[in-house]
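# Structural characterization, general
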Amino acid sequence: MKKQQKQDRTSERGRFSAKRKKEAVLRLLKGEELDALSRELGVTAAVLSEWREKFLAGAEANLKSREPEAADDEVLRLKAMVGELMMKNELLSEKARLLEGNAPGFPWRKSRG
């Protein structure tokens, strides 16, 4: 093998991006030999097998379709209601604070005396 080719292979080793891992897994799925690909990429067969298993598990999870349940919609509706009530509560608290400051004889204010 020529010196330049060795340097190119060496520079390809090390950390693999998700894209490079995907490309390696696709090559395995298309039928390339695990041992040959392992030697070419400079990673162990166990690592390649792990990448393949993770890839297939992710694909399976993404193929599962889940219809939104009525409970999900109810949770979203209730969260919106809680947010609205919190805003109203803050506004009323601020209004009460302002009224209390402007009216010394406000009914629930203790007299200073």
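Now for a quick tour of the structure. Remember, it's a predicted structure, so these values are computed and weren't measured experimentally.

General note: in soluble globular proteins, nonpolar side chains tend to be found buried as a group. Of all hydrophobic cores here, the largest spans nine residues; its members are F16, A24, V25, L28, L37, L41, V43, L48 and W51. Mapped by element, the contributors of at least two residues to this core are α2 (18-29), α3 (34-41) and α4 (45-63). With three residues, the top contributor of residues to this core is α2. The residues contacting A24, other than those within four sequence positions of it, are L37, L41, L48 and W51.

Our next topic: α2. With twelve residues, α2 should cover 16 Å at 1.5 Å per step; its first-to-last C-alpha distance of 16 Å lies within 8% of that length. Along α2, the residues classified as buried are A24, V25 and L28. The arc that holds every buried residue of α2, seen down its axis, measures 95 degrees, which confines them to one face. Packing partners of the buried residues in α2 comprise α3 and α4. Remark: G31 follows α2 within two positions and exhibits a positive phi of approximately 115 degrees.

What counts as what
Residues numbered from 1 in each chain as written. Predicted model: local features only at pLDDT ≥ 70, side-chain atom pairs only at ≥ 80, totals over all residues. Heavy atoms only, no water. Core = buried A, V, L, I, M, F, W, Y, C linked by side-chain atoms within 4.5 Å. Buried < 20%, exposed > 50% of the residue type's maximum accessible area, 1.4 Å probe, protein only. Helix = DSSP H or I, 4+ residues; strand = E, 2+ residues; numbered from the N terminus. Contact = heavy atoms within 4.5 Å. Expected span 1.5 Å × (residues − 1). Arc of directions from axis to C-beta.

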